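Remarks on the overall topology
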Amino acid sequence: MFSVYLGETRVTQWSPILSPSNKIMISAQEAIDAIAHAVKARDYESSKRETLHHRTYEDALLYSYLAVAQNDFVWATQAAESLNQAIDEAAQQPGYLGLFGGLGGLGWTVEHVSRLLSQVSPPAGDDPNIDVEGDDEGGELAAIEEDLNGEIDVAILRNLRDFTSSNPYDLISGLVGFGVYFLERLPKETAIQGIQSVFGHLETLAERTDHGITWHSGPELLPDWQREQCPNGYYNLGVAHGIPGIIHFLSEVSGTTIVDQQRTYRLLEGAVNWLISQRRPLGSRSTFSSWIVPGEEPSDSRLAWCYGDIGILSVLLQVACRAGRDDWQKVADDLLDHCLARPPEEAGVGDAPLCHGAAGVAHIFNRIYQSKNDPRCLDAALLWLDRALAMRQPGAGVGGFSSLTRPDPSGPISWEASPAFLDGSIGVALTLLAAMTPIEPAWDRMLLLSGRASDDDTR
């Protein structure tokens, strides 16, 4: 059983951007409370799609950040209970290993939450209903965490041994996602092996071109509607499924000695140069398209994390800073200016969730503000938070938020109640919590909006 482990508190430099005097503070708190209640009580109508996209361990991510933000051991215990349930569910339905919705995501969350909950203080007095583990590295939590994630390590390493070019390389379900999982597992020896294996496959799959290094997504990796548009595949420019995810992983690895640094930098430099070469002409609505099909004119992309300028922006800012490349930094700064200048009504944002919604845009601008202290990013973050909260309809969806979906890309849109982290209300609540509290939202490492490899234990 997963139980709560108490250890040292981690000090961060994250600053809340909402204060009691801010007019949307009350609305944000009400939304968080409503989402947390709805998720805990399962107070929403589930759809078949929702059951495919939401996993119980995502609930634990929300509960654990609520526990730290409020120093509330009840939420910490709820997080542990959710992880226990998720572990039981995984034992009954093993198989899919992806970072989002699979065993990789469960293992990442166990690793992340076990560290996060060390910041929660034990309750005063004895409460027989709360299971508390003392500061004992050999305690139950450490043993169970190692047993669970040890098995996941083995499963993913086995998958990597059998990896072929017909398998996905992306963040959501493929190589980059495995790399993010193993980065979270550092400094375990299996994590080092996993990172080396992921890097080796990316190196093998890489295509060398006149513009740099890139990776092709074959038609067998595309959903049906994309395969109809791109029968020979494409070069994906989205963080969720494409080359920016590879670039972030390579940058993270370059900050370690896990792989020869010259090899890592050679691949990283080529990939960034190729990505930069895909910029569209000045005056285009978006600087980057969603994907590149040789011989076809690139089209506009929306302002979103999954596909679009702002997701690419977040990756480029981190990579340029780590590499100390002024030329890359200039490209990132120009892209930031472009994102800030894009009118919200032309952004293509129709709902609130992290993946392609207003909360995702708000959180990225908040993350950039925290690192650059650019007041324009603060204003943009607040604007998009306000827009996200304006989408709330109490009594509908999960805590008032519904997700815009189009099951058939050629058919009508629909609204669904989704509690999911990526495309549902849990991600909205975490975004609002990050805006209100001094707790660094390290959960966004799953989205490549921040990194793990800067920690001392990865070198």
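See the structure printed just above.
The sections below set out a description of the structure shown in this document. (Residues numbered from 1 in each chain as written. Predicted model: local features only at pLDDT ≥ 70, side-chain atom pairs only at ≥ 80, totals over all residues. Heavy atoms only, no water.)

Given a rise of 1.5 Å per residue, 16 residues ought to cover 22 Å, and the 22 Å separating the end C-alpha atoms of helix α13 (residues 326-341) matches this to within 8%. Buried within α13 are the following residues: W328, V331, A332, L335, L336 and C339. All buried residues of α13 lie within an arc of 140° about the axis, which places them on one face of the element. Residues of α13 that are exposed and angled more than 90 degrees away from the buried face: D326 and A341. Packing partners of the buried residues in α13 comprise α11 (261-276), α12 (309-323), α14 (358-372) and α15 (375-390). (Helix = DSSP H or I, 4+ residues; strand = E, 2+ residues; numbered from the N terminus. Expected span 1.5 Å × (residues − 1). Buried < 20%, exposed > 50% of the residue type's maximum accessible area, 1.4 Å probe, protein only. Arc of directions from axis to C-beta. Contact = heavy atoms within 4.5 Å.)

In the contact formed by helix α1 (residues 25-41) and helix α16 (residues 425-436), the axes pass within 9 Å of each other and the chain directions differ by 140°. Between α1 and α16, the angle falls in the class oblique. The interaxial crossing formed by α1 with α16 has left-handed handedness. Where α1 approaches α16, its residues M25, A28, Q29, A31, I32, I35 and V39 are matched on the opposing element by S425, I426, V428, A429, L432, L433 and M436. Classifying every residue of the contact of α1 with α16 by side-chain character gives 12 nonpolar, 2 polar and no charged. (Axes fitted to C-alpha atoms, helices over the stretch in contact; angles between N-to-C directions. Parallel < 35°, antiparallel > 145°, perpendicular 65-115°, else oblique. Left-handed = near helix turned anticlockwise from the far one by under 90°. Nonpolar A, V, L, I, M, F, W, Y, C, P; charged D, E, K, R; others polar.)

Here the focus is unusual backbone geometry. P187 follows L186 through a cis peptide bond whose omega is 10°. Structurally, P187 is set in the loop between α7 (175-185) and α8 (189-205). One non-glycine residue with positive phi stands out, namely N373, at about 55°. With respect to the secondary-structure elements, N373 resides in the loop between α14 and α15. With a phi angle near 65°, L448 is a residue other than glycine that sits in the positive phi range. Tracing the sequence through the fold places L448 in the segment after α16. Of the residues examined, L448 reaches a relative accessible area of 2% and is grouped as buried.

Turning to the environment of A396, a few remarks are in order. Topologically, A396 is positioned in the loop between α15 and β7 (403-405). Taking the relative accessible area as the measure of exposure, A396 reaches 24% and is therefore partly exposed. Beyond its immediate stretch of four places on either side in the chain, A396 contacts F401 and S402.

By the element assignment, I35 lies in helix α1. By relative accessible area, which is 0% here, I35 ends up buried. Other than its neighbours up to four places away in sequence, I35 contacts L62, V398, G399, F401, S425, I426, V428 and A429.

Another aspect to go through is the packing of α12 against α13. Interaxial distance between α12 and α13 falls to 9 Å at its minimum, and their mutual angle equals 150°. For the element pair α12 / α13, the angle class is roughly antiparallel. For the element pair α12 and α13, the recorded crossing hand is left-handed. Contacts from D309, I310, I312, L313, L316, L317, V319, A320, C321 and A323 of α12 reach α13 at W328, Q329, V331, A332, D333, L335, L336, H338 and C339. Its residues assigned to classes, the contact of α12 with α13 shows 15 nonpolar, 2 polar and 2 charged.

Attention now goes to the side chain of R367. You can see R367 is positioned in helix α14. Beyond its immediate stretch of four places on either side in the chain, R367 contacts W14, E440, P441, A442, D444, L449 and S450.

In globular proteins that are soluble, nonpolar side chains generally tend to be buried together. Ranked by internal contacts, the top residues of the largest apolar core, which has 151 residues, are W215, F249, W305, F365 and F421. A per-element tally of this core places helix α3 (residues 56-70) first, with 9 residues. Excluding residues within four positions of it along the chain, W215 makes contact with Y169, L202, L205, A206, Y235, I243, I246, L250, L267 and A271. (Core = buried A, V, L, I, M, F, W, Y, C linked by side-chain atoms within 4.5 Å.)

All right, on to the environment of K372 then. For K372, the position within the fold is in helix α14. Here K372 falls in the partly exposed class, since its relative accessible area comes to 35%. Here K372 is in contact with L317, Q329, D333 and L336, once residues within four sequence places are set aside.

A word on the packing of aromatic side chains. Ring pairs (aromatic) are described by centroid distance and by the angle formed between their planes. Using the criterion set out here, one finds 8 aromatic pairs in the structure. Aromatic side chains Y235 and W274 sit 5.9 Å apart centroid to centroid with 50° between the ring planes, which places their arrangement in the tilted category. Of the two residues, Y235 sits in strand β5 (residues 235-236) while W274 sits in helix α11, which places them 39 residues apart along the sequence. For Y235, a relative accessible area of 14% translates into the label buried. Here W274 falls in the buried class, since its relative accessible area comes to 5%. Taken together, a centroid distance of 6.1 Å and an interplanar angle of 85° make the contact between W291 and Y307 edge-to-face. A residue pair is termed long-range when its members are at least 10 positions apart, and W291 in strand β6 (residues 291-292) and Y307 in the loop between β6 and α12 qualify at 16 residues. By the burial criterion, W291 is buried, and Y307 matches it. An aromatic cluster of at least three residues, connected via ring pairs, comprises W225, Y234, W291 and Y307. One Lys or Arg, R387, reaches over the ring of W384 and ends 5.3 Å from the middle of that ring. (Phe/Tyr/Trp six-rings, centres within 6.5 Å; stacked < 30°, edge-to-face > 60°. Lys NZ or Arg CZ within 6 Å of the ring centre and 35° of its normal.)

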